[in-house]
Number of protein chains: 2
Amino acid sequence: MERINNVIKNISGIDQAIVKNTQVRLDNLTKPLGSLGRLEELAKQICGISGKANPLLTNKVIFTLAADHGVTDEGVSAYPKEVTAQMVSNFIAGGAGINVLAKHVGARVVVVDIGVAAELKPGPMLRVRKIGYGTKNMAKGPAMSRGEAIKAIQGGIDLFEEEFKRGIDIVGTGEMGIGNTTAASAITASFCDKPVEEITGKGAGLDEPGLKNKIEVIKKSLLVNKPDPADAIDVLSKVGGFEIAGLTGIILAAASHKIPVVIDGFISGAAALVAFKIEPKVKDYMIAAHKSQERGHKIILEHIGLRPLLDLDLRLGEGTGGALGIGLADAAIKILTQMATFKSANVSEKNI
Amino acid sequence: MERINNVIKNISGIDQAIVKNTQVRLDNLTKPLGSLGRLEELAKQICGISGKANPLLTNKVIFTLAADHGVTDEGVSAYPKEVTAQMVSNFIAGGAGINVLAKHVGARVVVVDIGVAAELKPGPMLRVRKIGYGTKNMAKGPAMSRGEAIKAIQGGIDLFEEEFKRGIDIVGTGEMGIGNTTAASAITASFCDKPVEEITGKGAGLDEPGLKNKIEVIKKSLLVNKPDPADAIDVLSKVGGFEIAGLTGIILAAASHKIPVVIDGFISGAAALVAFKIEPKVKDYMIAAHKSQERGHKIILEHIGLRPLLDLDLRLGEGTGGALGIGLADAAIKILTQMATFKSANVSEKNI
């Protein structure tokens, strides 16, 4: 926990003086005031986060953390549990959605086994940082111990720190884990004071009876474990997942290094919610890439106070929406740094 | 008009068999069914438009048409009229928003003077296809003659055909013209049966009295000209603009060549509306890039029946939102053509 506390200590507010100066610069570019809307907001936020007037977004990194969930024993997912490990192989081979979209925006993908229930071989394309072979079935008891949750957060911090040495200017969160919308829903229910029915969606593709069962399983998990919303790590350990905990660590570590974090969908949102509950200041470092079709995601975003950039009915996860968000962040910084000013281009300014 | 009629004759429905096959292929990719939401819709639409199972989006072209508006005499814009020509110079020099965002998505920008009220020199970066030195003041009479409107549409068709020889796989619409939100509002009011107050926005940055005046000027223009909504070219000539007419031609020509057209904001939307009124089949070839902050844009999109991809509070025009839309179209086609299938990646399929 000391490691985590040290990271939290290093999270400060973003640089408001630079935000202000960036606004002045944006207003001098050859366009009507504010006419690039949220791209301008994004440019200001990234400048404020980095503390730099002209941040470079050269190194774009998406962390895709994979783990299994014991709660799949309760039939909460439309896909068999084996798919988690199979998809990790797909990430390594470059055939998944995240590979395609990360390449599209010029980001590198760091694939991590943080708790897959299979023996995976580490290699140049895969870090193996297993906390366990999947979590326990949270419908019967805590998904993991408090010690495991802390270890998983620290694992995320370590992953970020290692990768930071190679260069990170902006980071995206991603995940893979059959059953993890169930964990994300339970986390959201714990913190956001909304009925489980309003939070829970069909995940990767449940039918109506499947959804009903999923809701019952989440209710049971909350009843059995009684997670304490005043203690974020209690919630995370009792009804969370290893990949969610790892992403929480990555988000906290990114903020401590003044790196903007692009949050993907619902599961990443649950990790962001845990990070926010641990240290609310982390919010200013977050960019919500999109609003997922999973209904609980909107509740998370509103709870933290984030406005998503995109609304494309995505619900794949892996970091795919985050990749598109990174592309927009890139566009925003290019606007700031590459456009001509009224003066340099000899364009007349507003006259009324 | 014969030229235009020939183009219209070549606009057919999109290929529904290919749309269906594309759906089957998307469903075989390693992701839950439909989980890439609107990217999947976009991939299907582009396949259907092109008639190709694997369309390439190598040549991305944004047409940015510039023209002046006589109605600026009525004080309808926050910027002086000279800015139109100055911004054309900025486009040529590469310092405008559209240059930055087009480069970001790998598109080339074709800058066209179709009616700027200044002598501009053609060059490798600028086509000069002037229909006139700005339109006439529509508050006092028709903005242009019917002949000029037809000539401007044909000008757009010619521009598309020329550029098509160099290669176009997807096209974006863009424009620049001080005063052109006034023309776009008048066009929208003519076709969409909504009060001028609901359609008219602050354009590049009017204050409240300026907006009030703009509304009065639009009302007067409609009263003086009585554009006939059953005759799209009547509306276009009386309260339109040269750049809007040129874009109408580009949109029709693109559809006739089975090329997807990404519509930018409010002014481009007005051109799309005119094209739609001339030939409703053109709708299926349109991709609405974003919802502009100019309030009339939403009315246009709903009238045609288009759902915008992005909602980023943009209101710059030039084709900037279109550029971002082209980036998403590119992502969509990469998803379709680069992702692994369940079979090729040995990933198990849905079991319930």
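Reading guide: rules and limits
Residues numbered from 1 in each chain as written. Chains lettered and ligands numbered in written order. Predicted model: local features only at pLDDT ≥ 70, side-chain atom pairs only at ≥ 80, totals over all residues. Heavy atoms only, no water. Helix = DSSP H or I, 4+ residues; strand = E, 2+ residues; numbered from the N terminus. Rg over C-alpha atoms; globule rule 2.2 N^0.38 Å. Buried < 20%, exposed > 50% of the residue type's maximum accessible area, 1.4 Å probe, protein only. Contact = heavy atoms within 4.5 Å. Buried area = accessible area lost by both parts, 1.4 Å probe. Salt bridge = Lys/Arg side-chain N within 4 Å of Asp/Glu carboxyl O. Nonpolar A, V, L, I, M, F, W, Y, C, P; charged D, E, K, R; others polar. Core = buried A, V, L, I, M, F, W, Y, C linked by side-chain atoms within 4.5 Å. Least-squares fit on C-alpha atoms with pLDDT ≥ 70 in both. Expected span 1.5 Å × (residues − 1). Axes fitted to C-alpha atoms, helices over the stretch in contact; angles between N-to-C directions. Left-handed = near helix turned anticlockwise from the far one by under 90°. Pairing = 2+ DSSP bridges. pLDDT = per-residue confidence, 0-100. Phe/Tyr/Trp six-rings, centres within 6.5 Å; stacked < 30°, edge-to-face > 60°. Polar contact = N/O pair within 3.5 Å; in protein donor to acceptor, adjacent residues only side chain to side chain.

Trainee: Please give an account of the overall build of chain A that cites residues and values.
Mentor: In terms of helices and strands, chain A carries 14 helices and 6 strands. Taking 20 Å as the expected radius of gyration for a compact globule of 352 residues, we find that chain A reaches 20 Å, a close match to that expectation. Referenced to the eigenvectors of the C-alpha coordinate spread, the extents of chain A come out at roughly 70 × 40 × 40 Å. Expressed as a percentage of the 352 residues in chain A, the buried residues total 66%.

Trainee: Explain helix 5 (residues 97-105) of chain A to me, using residue names and the numbers behind them.
Mentor: Where burial is concerned, most of helix 5 of chain A is hidden: 7 out of the 9 residues are buried. Residues of helix 5 of chain A that are buried include every one of G97, I98, N99, V100, L101, A102 and V105 of chain A, and no others. Where the residues of helix 5 of chain A are buried, they touch strand 1 (60-67), helix 4 (83-93), strand 2 (107-115) and helix 14 (320-338) of chain A together with helix 3 (37-50) and helix 14 (320-338) of chain B. Two residues or fewer after helix 5 of chain A comes G106 of chain A, characterised by a positive phi angle close to 75°.

Trainee: How would you sum up the interface of chain A and chain B? Please name residues and give values.
Mentor: Contacts between the two partners involve 58 residues from chain A, matched on the other side by 57 residues from chain B. Together, the buried faces of chain A and chain B total about 4,800 Å²; carbon and sulfur atoms form 61% of this surface. Our enumeration of links across chain A and chain B arrives at 2 salt bridges. Note that D313 of chain A is salt-bridged to R307 of chain B, the shortest N-O span being 3.2 Å. If you list the elements that add at least two residues to the side of chain A that touches chain B, you get helix 3 (37-50), helix 4, helix 5 and helix 14 of chain A. For the side of chain A that touches chain B, the leading source of residues is helix 14 of chain A, giving 9 residues. Grouping the amino acids of the side of chain A that touches chain B by side-chain chemistry returns 29 nonpolar, 17 polar and 12 charged.

Trainee: Can you break down the nonpolar core residue by residue, with the values?
Mentor: In this structure, L42 and L324 of chain A together with L42 and L324 of chain B are the most contacted members of the largest nonpolar core, which totals 115 residues. Residues within four places of L42 of chain B in sequence aside, it is in contact with I287, L309, L328, A329 and A332 of chain B.

Trainee: Can you explain the relation of the copies chain A and chain B? Please cite residues and give values.
Mentor: Superposing chain A onto chain B requires a rotation of 180° together with a translation of 0.0 Å along the rotation axis, leaving an RMSD of 0.0 Å. Read as a symmetry element, the transformation amounts to a two-fold axis. Looking at the rotation axis and the C-alpha trace of chain A, the residue lying nearest is L310 of chain A, at 3.2 Å. A shared binding surface is used by both copies, with 98% of the interface residues of chain A retained as interface residues in chain B.

Trainee: Go over helix 14 of chain B with me, naming the residues and quoting the values.
Mentor: Under the 1.5 Å per step criterion, the end-to-end length of helix 14 of chain B is 27 Å for 19 residues, consistent within 8% with the ideal 27 Å. Extensive coverage of helix 14 of chain B is indicated by the burial of 16 of its 19 residues.

Trainee: An account of the packing of helix 14 of chain A against helix 5 (residues 97-105) of chain B is requested, with residue identities and associated values reported.
Mentor: The contact between helix 14 of chain A and helix 5 of chain B brings their axes to 9 Å, and the two run at 140°. With respect to the hand of their crossing, helix 14 of chain A and helix 5 of chain B are arranged in right-handed fashion. The segment helix 14 of chain A lies against helix 5 of chain B, with G327, D330, A331, K334, I335 and Q338 of chain A engaging G97, V100, L101 and H104 of chain B. Looking at the contact of helix 14 of chain A with helix 5 of chain B residue by residue, the classes come out as 4 nonpolar, 4 polar and 2 charged.

Trainee: With reference to specific residues and values, describe the sheet that holds strand 2 of chain A.
Mentor: All names here are of chain A. Strand order across the open sheet formed by 6 strands is 3-2-1-4-5-6, with parallel pairing between neighbours. Looking at which strands have only one partner, the edges of the open sheet turn out to be strand 3 (126-128) and strand 6 (286-288). This sheet shows a mean twist of 25° between the axes of neighbouring strands, independent of strand direction.

Trainee: Could you give me a rundown of the pattern of salt bridges, with the residues and numbers involved?
Mentor: Residue and element names in this part refer to chain A. Considering all chains together, one arrives at 35 salt bridges over all chains under this definition. Note that E208 is salt-bridged to K202, the shortest N-O span being 2.9 Å. Owing to a relative accessible area of 35%, K202 belongs among the partly exposed residues under this scheme.

Trainee: Which residues make up the pairing of strand 1 (residues 60-67) of chain B, and what values do they have?
Mentor: All names here are of chain B. Among the 8 residues in strand 1, 8 count as buried, and that is most of the element. Here strand 1 shows two buried faces, one formed by K60, I62, T64 and A66 and the other by V61, F63, L65 and A67. Strand direction decides the pairing type here: strand 1 and strand 2 (residues 107-115), joined by 8 bridges, are parallel. For K60, the partnering residue across the bridge sits in strand 2 and is A107. As paired strands, strand 1 and strand 4 (residues 170-176) are joined by 7 bridges and run parallel to one another. The residue of strand 4 that forms the bridge with T64 is G174.

Trainee: With reference to specific residues and values, describe the confidence of the model for chain A.
Mentor: Across chain A, the average pLDDT comes to 97, with 99% of residues at 70 or higher. Taken together, the chains of this predicted complex give a pTM of 0.98 and an interface ipTM of 0.97.

Trainee: Before we move on, could you go through the packing of aromatic side chains and cite the residues and values that matter?
Mentor: What describes a pair of aromatic rings is the distance from one ring centre to the other and the angle between the planes of the rings. Under the criterion given, the structure shown has 6 aromatic pairs over all chains. On the basis of an interplanar angle of 35° and a centroid distance of 6.4 Å, the ring pair of F63 of chain A and F160 of chain A is categorised as tilted. Of this pair, F63 of chain A sits in strand 1 while F160 of chain A is found in helix 6 (residues 146-166), placing the two residues 97 residues apart along the sequence. We note that F63 of chain A, like F160 of chain A, is buried. Plain terms: the ring middles of F342 of chain A and Y79 of chain B are 6.5 Å apart, the flat faces sit at 15° to each other, and that makes the pair stacked. Of this pair, F342 of chain A sits in the segment after helix 14 while Y79 of chain B sits in the loop between strand 1 and helix 4 (83-93), placing the two residues on different chains. Looking at F342 of chain A, the relative accessible area reads 6%, which means it is buried.

Trainee: With reference to specific residues and values, describe the side chain of K130 of chain A.
Mentor: All names here are of chain A. Positionally, K130 belongs in the loop between strand 3 and helix 6. Engagement of the side chain of K130 in a polar contact is seen with the side chain of D113, the distance being 2.5 Å. Polar side-chain contacts of K130 include one of 2.8 Å to the backbone oxygen of A118. Sequence-distant contacts of K130, defined by excluding residues within four places in its chain, comprise D113, I114, G115, V116, A118 and E119.

Trainee: Can you break down the environment of I11 of chain B residue by residue, with the values?
Mentor: Residue and element names in this part refer to chain B. Assignment of secondary structure puts I11 in the loop between helix 1 (2-9) and helix 2 (16-28). Counting along the chain gives 16 residues from I11 to D27, while the straight-line C-alpha distance between them is 30 Å. Excluding its chain neighbours within four sequence positions, the residues that come into contact with I11 are L252, A255, S256, E279, K281, V282 and Y285.

Trainee: Mind laying out the sheet that holds strand 1 of chain B, listing which residues take part and the relevant values?
Mentor: Residue and element names in this part refer to chain B. An order of 3-2-1-4-5-6 is seen for the 6 strands of this open sheet, with the pairing classed as parallel. Of all strands in the sheet, those bounded by a partner on one side alone are strand 3 (126-128) and strand 6 (286-288). Ignoring strand direction, the axes of neighbouring strands in this sheet form an average angle of 25°. Inspection of the sheet shows strand 5 (residues 261-263) paired to strand 6 by 3 bridges, in the parallel sense. Within the sheet, the bridge partner assigned to I263 lies in strand 6 and is A288.

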